[in-house]
Amino acid sequence: MTSVTAPSASATVRVPAKVNLELLVGPLREDGYHNLSTVYHAVSLFDEVTVSYADEWGLTVAGPKADGVPTDGTNLAARAAQLLARAGGVDEPVHIKIRKDIPVSGGMAGGSADAAAALVACDHLWGLGLTREALEEIAADLGSDVPFLLAGGTAMGSGRGEVLAPVLARGTYHWVFALSDGGLSTPAVYAECDRLRAGRDVPEPRPSAEMMQALRSGDARLVGEALVNDLQPASISLRPELGDTLEAGMEFGALGGIVSGSGPTVAFLVEGTEAALDLAVSLTASGTVRDVRRATGPAHGAHLVAGPRPD
Ligand code: ATP
């Protein structure tokens, strides 16, 4: 029997959103950045990125959270594909299709996720076969969260967040996310954080023993108690209703609640599937929150779900 390998025409990659279980922000550096010490955790809210051979570069966005996503060269998935093409010496334009389910400007790193997905998808489509280390290096050039979205799971991040180290984390965690209508700009939240901390002596960020022990134990209750986000006061200062949302979620029985990254998404950790459903219903019924999503973590990083395959 002979087998014929048809030319590959597209590749689809699924990529998760993230929440920071711990986000410690150091003092403002002279270059305008901050050193971070963070614990990233990938959760089962996914975007899908499909790349297909095309006559010219193009990008379309569809799905529940497509509104407000740029479709020009500033889209992080397009930037990722073009950076990879340059690095790999490829001259093969692709059309990028994003199915967007991760909230935009929600503090869940959706743009970085799409960049990570585009790297993996294009690497497959073009048959580059780059090593994980080579992809990670390109990812770090695209943004501090991009290397983590390649890796997924639960991991420590230092530097600006792009230097990853493994964390011993046991268990599956159940989350309820309270989504907001409008997004928050990450630079605006950092600026507000600097303003609120002006004149205060801010230490260099170091991972907390409390979170490490909680993750090692796999006890959701301990993880809930250890959740911390130095950006949270700034997000609440810019969006005071986030404080009400956090209070409501805790009153309805969450094990812990935190603003996700720079916000405005609020993440609640709960005991299990049933508790997640109960909290989602309570938050919606109370009128505090309009859009609620449930998810579990840790989730896998950017991974191929279809292709390369013929059309
Ligand atoms: P982070 O948590 O990394 O700070 P975020 O979740 O708050 O990010 P994103 O959804 O990643 O925010 O996007 C921030 C901005 O980036 C958007 O306002 C949008 O203009 C731009 N952007 C570029 N590419 C994308 C993309 N593929 N998806 C979403 N936003 C994108």
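Thresholds applied
- Throughout, residues of each chain are indexed from 1 in the direction in which the sequence is written.
- In keeping with the model being predicted, local features are shown solely for residues with a pLDDT of at least 70 and side-chain atom pairs are shown and tallied solely at 80 or more, while totals for entire chains, interfaces and linings include all residues.
- Side-chain metrics in this entry use all non-hydrogen atoms of the structure; hydrogen atoms and water are not considered.
- What makes a residue near a molecule or strand is one non-hydrogen atom of that residue sitting within 4 Å of it.
- What qualifies as a polar contact is a pair of N or O atoms within 3.5 Å, subject to a donor-acceptor requirement within protein and to the restriction that residues adjacent in sequence count only when both atoms come from side chains.
- Surface accessibility follows the Shrake-Rupley procedure with a 1.4 Å probe radius. Residue values consider only the protein chains on display as shielding.
- Using a 1 Å grid laid over the protein atoms alone, points where a 1.4 Å probe fits but cannot get out form a cavity; open sets with protein on both sides within 12 Å along at least 5 of 7 lines form a pocket; any residue with an atom within 4 Å of a point counts as lining.
- Should more than half of a molecule's atoms lie within 2 Å of a pocket's or cavity's grid points, that molecule is taken to sit in it.
- Segments assigned H or I by DSSP are reported as helices when at least four residues long, segments assigned E as strands when at least two residues long, and all are numbered from the N terminus.
- Throughout this entry, Asp, Glu, Lys and Arg are counted as charged residues, while Ala, Val, Leu, Ile, Met, Phe, Trp, Tyr, Cys and Pro are counted as nonpolar. The remaining residues, Gly among them, count as polar.
- Between 30 and 60 degrees the pair is tilted, below 30 it is stacked and above 60 it is edge-to-face, where a pair is any two Phe, Tyr or Trp rings, Trp via its six-membered ring, whose centres lie within 6.5 Å.
- Throughout this description, buried means an accessible area under 20% of the type-specific maximum (1.4 Å probe, protein chains only), exposed means over 50%, and partly exposed covers the range between.
- Sitting over a ring, as applied to charges here, requires NZ of Lys or CZ of Arg to be within 6 Å of the ring centre and within 35 degrees of the ring normal.
- Should DSSP find at least two bridges between two strands, the strands are taken to pair.
- The angle between two axes is taken between their N-to-C directions and runs from 0 to 180 degrees, where each axis is a line fitted to C-alpha atoms and a helix contributes only its stretch in contact.
- Residue contacts follow a heavy-atom distance rule, with two residues in contact if any of their heavy atoms lie within 4.5 Å.
- Grid points are joined across faces, edges and corners, and a volume is the space filled by probe spheres set on the points.
- Positive charges come from Lys and Arg, negative ones from Asp and Glu, while His and the chain ends are left out of the count.
- Basic side-chain nitrogens of Lys or Arg form a salt bridge, by our definition, when they fall within 4 Å of a carboxyl oxygen of Asp or Glu.

Undergrad: Just checking my understanding: could you explain the site of the ligand for this structure?
TA: The ligand sits among 21 residues. The nearest are Ser105, Ala109, Gly111, Asp114 and Thr186. The side chain of threonine 186 places a nitrogen or oxygen atom 2.7 Å from an oxygen atom of the ligand. In the complex, 79% of the free accessible area of the ligand, which totals 610 Å², lies under the protein chains. Cavity membership is defined here by more than half of the atoms lying within 2 Å of grid points; on that basis the ligand lies in the largest pocket. Take the shell around the ligand: its biggest share by element is three residues, from helix α2 (residues 110–125). For the shell around the ligand, the class distribution of residues is eight nonpolar, nine polar and four charged.

Undergrad: Looking at this model, I keep getting lost on the packing of aromatic side chains. Mind explaining?
TA: Aromatic rings considered in pairs are described by the distance between their centres and by the relative angle of their planes. A full pass over the atoms with the stated rule returns three aromatic pairs. Seen in terms of ring centroids, tryptophan 57 and tryptophan 126 are 6.4 Å apart; in terms of plane orientation they differ by 75°. Their pairing is edge-to-face. Separated by 69 residues along the polypeptide, tryptophan 57 in the loop between β2 (34–53) and β3 (58–62) and tryptophan 126 in the loop between α2 and α3 (132–142) bring together distant segments of the chain. You can call tryptophan 57 partly exposed: its relative accessible area is 34%. The lysine or arginine in question, arginine 14, covers the ring of phenylalanine 46, its NZ or CZ lying 5.2 Å from the ring centre. Taking the ring centre of tyrosine 33 as reference, the NZ or CZ of arginine 160 above it sits at 3.9 Å.

Undergrad: So what exactly am I meant to see when it comes to the sheet that holds strand β10 (residues 266–270) here?
TA: Backbone hydrogen bonds are what pair the strands of a sheet, in a parallel or an antiparallel way. A sheet is described by the order of its strands in space; here four strands give the open sequence β9-β10-β7-β11, paired in antiparallel fashion. Where the open sheet ends on each side, the last strands, each with one partner, are β9 (256–259) and β11 (291–297). Sheet twist, expressed as the mean angle between neighbouring strand axes with direction ignored, is 25°. For strand β7 (residues 173–179) and β10, the ladder comprises five bridges, and the chain directions are antiparallel. Looking at the pairing, alanine 178 lines up with valine 266 of β10. Together, β7, β9 and β10 form the strand contacts of helix α9 (residues 241–251), whose direction differs from that of β10 by roughly 10°.

Undergrad: Could you clarify how one ought to interpret the side chain of aspartate 114 in this entry?
TA: Here aspartate 114 is to be found in helix α2. The exposure class assigned to aspartate 114 is buried, which follows from its relative accessible area of 2%. Contact partners of aspartate 114, with chain neighbours within four places excluded, come to Val15, Asp47, Val49, Ala77, Ile98 and Lys100.

Undergrad: Looking at this model, I keep getting lost on unusual backbone geometry. Mind explaining?
TA: Most of the time, phi is negative for any residue but glycine, and the peptide bond is trans. Of the consecutive residues glycine 263 and proline 264, the connecting peptide bond is found in the cis state with omega at 5°. Within the fold, proline 264 resides in the loop between β9 and β10. Note the cis peptide between glycine 297 and proline 298, where omega equals 0°.

Undergrad: Just to check I follow, could you spell out the layout of surface pockets for this structure?
TA: Over the atoms a probe the size of a water molecule is rolled, and this reveals where empty space is left. Taken as a whole, the largest pocket spans an internal volume of roughly 1,200 Å³. In terms of lining residues, the largest pocket is bounded by 43 residues, among which Ser112, Asp145, Thr186, Pro187 and Ser262 are the most central. Of all the secondary structure elements, the ones that give two or more residues to the lining of the largest pocket are β1 (10–28), β2, α1 (76–88), α2 and α5 (186–197). In terms of residues, the lining of the largest pocket owes the most to one element, α5, which gives five residues. Of the residues belonging to the lining of the largest pocket, the class tally is 17 nonpolar, 19 polar and seven charged.

Undergrad: Got a minute to help me understand the side chain of glutamate 22 in this structure?
TA: Checked against the element boundaries, glutamate 22 lands in strand β1. Here glutamate 22 occupies a buried position and makes no salt bridge, while the nearest side chain of opposite charge, arginine 206, is found at 11 Å. Side-chain polar atoms of glutamate 22 contact the side chain of serine 208, separated by 2.6 Å. Not counting residues within four places of it along the chain, the set of residues in contact with glutamate 22 comprises Ser37, Thr38, Val39, Pro207, Ser208, Met211 and Val228.

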